[in-house]
Amino acid sequence: MTASIHVSDGVADSDLAGFLSDTPGSTPFHSAAWGHAIEQSTGHRWHCLAARDADGALIGVLPLHHIRSRLFGSALVSSGFAVDGGIVVSDPRAIAPLADAAIALARELGLPGVELRGGALPDGWAHDRMSHLGFVRPLAADAEAELAAIPRKHRAEVRKALANPLDFSVGRSVADRAAHYTAYATSVRNLGTPVFPKRLFAAVLDQFGEDADILTVRHDGAVVASVLSLYWNGAVMPYWGGGTQAARGLRANERMYFALMDHARERGCKHFDFGRSKTGSGPAAYKKNWGFEGEPLSYARWAEAGEAVRDTNPTSGKYALMVKTWQRLPLPIANAIGPMIARQLG
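To keep things clear, this report deals only with the structure shown in the data block. (Residues numbered from 1 in each chain as written. Predicted model: local features only at pLDDT ≥ 70, side-chain atom pairs only at ≥ 80, totals over all residues. Heavy atoms only, no water.)

**Some points on the side chain of His44**
1) Next: Looking at the element boundaries, His44 is found in the loop between helix H2 (32-42) and strand E2 (46-52).
2) Next: Within polar-contact distance, the side chain of His44 engages the backbone nitrogen of Arg68 at 3.4 Å. (Helix = DSSP H or I, 4+ residues; strand = E, 2+ residues; numbered from the N terminus. Polar contact = N/O pair within 3.5 Å; in protein donor to acceptor, adjacent residues only side chain to side chain.)

Put into C-alpha cells, the structure is as follows:
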C-alpha cells in the first residue's frame, strides 16, 4: 500500500456523498443509495472501501457488492447490478491501494475474483476496453432542437410516434411501479432473460427519492412501455426500461425516450445518458440512430491464481439454450421464478 494512504472498509454516507459530488467520474452506482438498495433488496452485502491521505482526507472510494451465486459464481463486484461504479479518486495515488484492498477483501471472504465496472483501471489486472460502449450526449435546448439532433431516418420514426394516440405519465407511486414492472418483465422475458425482483426496483426508488422516477407510456389506457430513470449530476439515465408486444407497432419506445428527454430538460438536466450496450449489438445501433456516438467503456478483473473469471453475459454461448427456453415460458411462470435467478446475476 502506498505510504501515507490508508484504506478502510466503510465511510459515512454523508462523507461519501460530499466526495462524489466534488469528484469527476462519479456515478449513481458509487452512491450509498445504490449500495444500500442492492443490499436491502437482494441480500448481497455492500462494502465501500475508502482511501484517505495522511491528513485523513477522503481521496478515493471503491464500492463493492459481495455477490453470492451458485449458478453464476461468486465475486466482489463494483457495483452490483450496475454498469459502472469502479474506482473513483481525486488523487491517483489511491488507485493501487484501493485495488490491493479489494483483493485482500476477496481473499478474506474466500472469493475467487473481483470485477470493476468503469472507473480507474489498476495495473496488473485484466482490462477490457472493447466489449461495451457508453452513449451520452447533451440535451438540446428544446423539443424542436432535440428532433433536429436525431438523424433523419430515425427522426421520421419519432415523428410517427408523436402522432400516435399515446399518453405518458411520470411518477413514483405504487401504480407507477406496477406499470413499470408489467412492461419491463414482458420485455426481458421476450429477450430470454429472467426479470429482477420487484423489491429491487422499489428499493432503488426509495433510496434515491426524487433522484429516480418512472415514465410510462399508455395506449387506450393500457401500459405499452415504461422506464425507471436515475438523475445524477445534471444527467438523466434511463436504466431499466421495456415494452410490451404492442410497443413496436405503436413506436412506444420512441415516444418514451423523447418524452423523457423533455422531462429531464424540465428538471434542469443537461445530458442524456443512454447507458451501455455491447459493441456491435442491436441496442448499440439503436442508440446511434438517436444521434449518440458510442465511447468504449473500461472494465477490469482480478482472479485468484488458477481461478476462472465468472461468465454472467446472457449472450454467451453457454446460455443459448436457456435463453431460447426462457423466451417460450408463459409470462406468469417467468415472473414467478425469474427473480430467484436474476438476483444472483449481480
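From this point, the narrative continues.
**A closer look at the pairing of strand E4 (residues 75-78)**
1) Next: Side chains Ala75 and Val77 project from E4 onto one buried face, and the interleaved Leu76 and Ser78 project onto a second face that is buried too.
2) Next: Across 3 bridges, the pairing between strand E3 (residues 58-67) and E4 is antiparallel. For Ile67, the partnering residue across the bridge sits in E4 and is Ala75.
3) Next: Where E4 and strand E6 (residues 113-117) come together, 3 bridges link them in parallel fashion. Across the sheet, residue Val77 finds its bridge partner in E6, namely Glu115. (Buried < 20%, exposed > 50% of the residue type's maximum accessible area, 1.4 Å probe, protein only. Pairing = 2+ DSSP bridges.)

**Let's talk about the environment of Asp273**
1) Next: Here Asp273 lies in strand E13 (residues 271-278).
2) Next: Judged by relative accessible area, which is 17%, Asp273 ranks as buried.
3) Next: Sequence separation between Asp273 and Leu139 is 134 residues; the distance between their C-alpha atoms is 9.6 Å.
4) Next: Those residues in contact with Asp273 that sit more than four places away from it in its chain are Phe135, Val136, Val236, Met237 and Pro238.
5) Next: Separated by 2.9 Å, the side chain of Asp273 and the backbone nitrogen of Gly275 make a polar contact. (Contact = heavy atoms within 4.5 Å.)

**Regarding the environment of Arg248**
1) Next: Note that Arg248 resides in helix H8 (residues 247-250).
2) Next: When its relative accessible area of 77% is taken as the criterion, Arg248 is described as exposed.
3) Next: Taking the C-alpha atoms as reference points, Arg248 and Val224, 24 residues apart in sequence, are found 9.1 Å from one another.

**Overview of the sheet that holds strand E9 (residues 167-171)**
Each strand in a sheet pairs with another by means of backbone hydrogen bonds, the pair being arranged parallel or else antiparallel.
1) Next: As summarised here, the arrangement of the 7 strands in space is E9-E10-E11-E12-E13-E8-E14, forming an open sheet in which the pairing is mixed. Pairing within the sheet leaves two strands with one partner each, and these edge strands are E9 and strand E14 (294-296). Averaged over all neighbouring strand pairs, the angle between strand axes comes to 30°, with direction disregarded.
2) Next: Bridge analysis of strand E11 (residues 222-232) against strand E12 (residues 235-243) gives 8 bridges, and the strand direction is antiparallel. Within the sheet, the bridge partner assigned to Leu230 lies in E12 and is Met237.
3) Next: Across the sheet, helix H6 (residues 174-191) lies against E9, strand E10 (212-219), E11 and E12, angled at about 65° from E12, the strand it touches most. (Axes fitted to C-alpha atoms, helices over the stretch in contact; angles between N-to-C directions.)

**Description of the pattern of salt bridges**
1) Next: Summed over all chains, the structure comprises 12 salt bridges.
2) Next: Residue Arg107 is joined to Glu304 by a salt bridge in which the shortest nitrogen-to-oxygen separation is 2.9 Å. A residue pair is termed long-range when its members are at least 10 positions apart, and Arg107 in helix H3 (residues 95-109) and Glu304 in the loop between strand E15 (299-303) and helix H11 (320-327) qualify at 197 residues.
3) Next: Overall, the relative accessible area of 25% leaves Glu304 in the partly exposed class.
4) Next: Between Arg265 and Glu146 there is a salt bridge, with the nearest N and O atoms lying 2.6 Å from each other. Of this pair, Arg265 sits in helix H9 (residues 252-266) while Glu146 sits in helix H4 (residues 143-149), and the two are 119 residues apart along the sequence. Neither residue differs from the other here; Arg265 and Glu146 are each classed as buried.
5) Next: One network of salt bridges, with partners in common, ties together Arg137, Glu146, Asp262 and Arg265. (Salt bridge = Lys/Arg side-chain N within 4 Å of Asp/Glu carboxyl O.)

**Some words on the side chain of Arg117**
1) Next: Topologically, Arg117 is positioned in strand E6.
2) Next: A distance of 3.2 Å separates the side chain of Arg117 from the backbone oxygen of Ala82, its partner in a polar contact.

**Overview of unusual backbone geometry**
1) Next: A cis amide bond, omega -5°, links Ser78 with the succeeding residue Ser79.
2) Next: As for its placement among the helices and strands, Ser79 is situated in the loop between E4 and strand E5 (88-89).
3) Next: Even without being a glycine, Phe81 presents a positive backbone phi close to 60°.
4) Next: One non-glycine residue with positive phi stands out, namely Arg251, at about 55°.
5) Next: With respect to the helices and strands, the residue Arg251 is situated in the loop between H8 and H9.
6) Next: The exposure class assigned to Arg251 is partly exposed, which follows from its relative accessible area of 22%.

**Observations concerning the pairing of E15**
1) Next: Relative to E15, E6 runs antiparallel, the two sharing 5 bridges. Residue pairing for E15: Arg117 is matched across the bridge by Tyr299.
2) Next: Bridge analysis of strand E7 (residues 126-128) against E15 gives 3 bridges, and the strand direction is antiparallel. Note that in E15 the partner of Ala126 across the bridge is Arg301.

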